[in-house]
Amino acid sequence: MYVCSCFGVTEAQVKQHAEDGACTPRQIASACKAGTDCGSCVRRIQAILGRGACPRREPADQGRPVLSGLEAVDALDEAA
């Protein structure tokens, strides 16, 4: 099924670009031009990306402090 009629981009192509790392409509547009002409397909692209076509990434916070070592920097600032 066509997602973008302007450039003839199919849902399968959008999913393939997502699997290759394009995880936003803008990145899909860079990969295949879908969404760059009339824009009517952008919502369909968002829906495809929202249905898991894009691989999930691990959360940044994995129980470790994000700014580790900050206490040492504070101690240096206080000494100065």
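(A) Structural view of the overall build of the protein. The helix and strand tally for the protein stands at 4 helices and 2 strands. The N-to-C order of helical and strand elements in the protein reads β-β-α-α-α-α. The burial tally for the protein puts 20% of its 80 residues in the buried class. Carbon and sulfur atoms make up 51% of the accessible area of the protein, which amounts to about 6,000 Å² in all.

(B) Broad picture of the nonpolar core. In this structure, Val3, Val9, Val14, Ile28, Ala34 and Ile45 are the most contacted members of the largest nonpolar core, which totals 13 residues. Per element, the largest residue contribution to this core is 3 residues, and it comes from helix 3 (residues 42-53).

(C) Region of the structure containing the state of the cysteines. Throughout the structure, instances matching the rule amount to 0 disulfides. In this model Cys6 remains outside any disulfide bridge; the closest cysteine sulfur is found in Cys38, 3.7 Å from its own.

About the thresholds
- Residues numbered from 1 in each chain as written.
- Predicted model: local features only at pLDDT ≥ 70, side-chain atom pairs only at ≥ 80, totals over all residues.
- Heavy atoms only, no water.
- Helix = DSSP H or I, 4+ residues; strand = E, 2+ residues; numbered from the N terminus.
- Buried < 20%, exposed > 50% of the residue type's maximum accessible area, 1.4 Å probe, protein only.
- Areas by Shrake-Rupley, 256 points an atom, 1.4 Å probe, with all protein chains shown as cover.
- Core = buried A, V, L, I, M, F, W, Y, C linked by side-chain atoms within 4.5 Å.
- Disulfide = S-S within 2.5 Å.

That is the geometry; function is a separate question.
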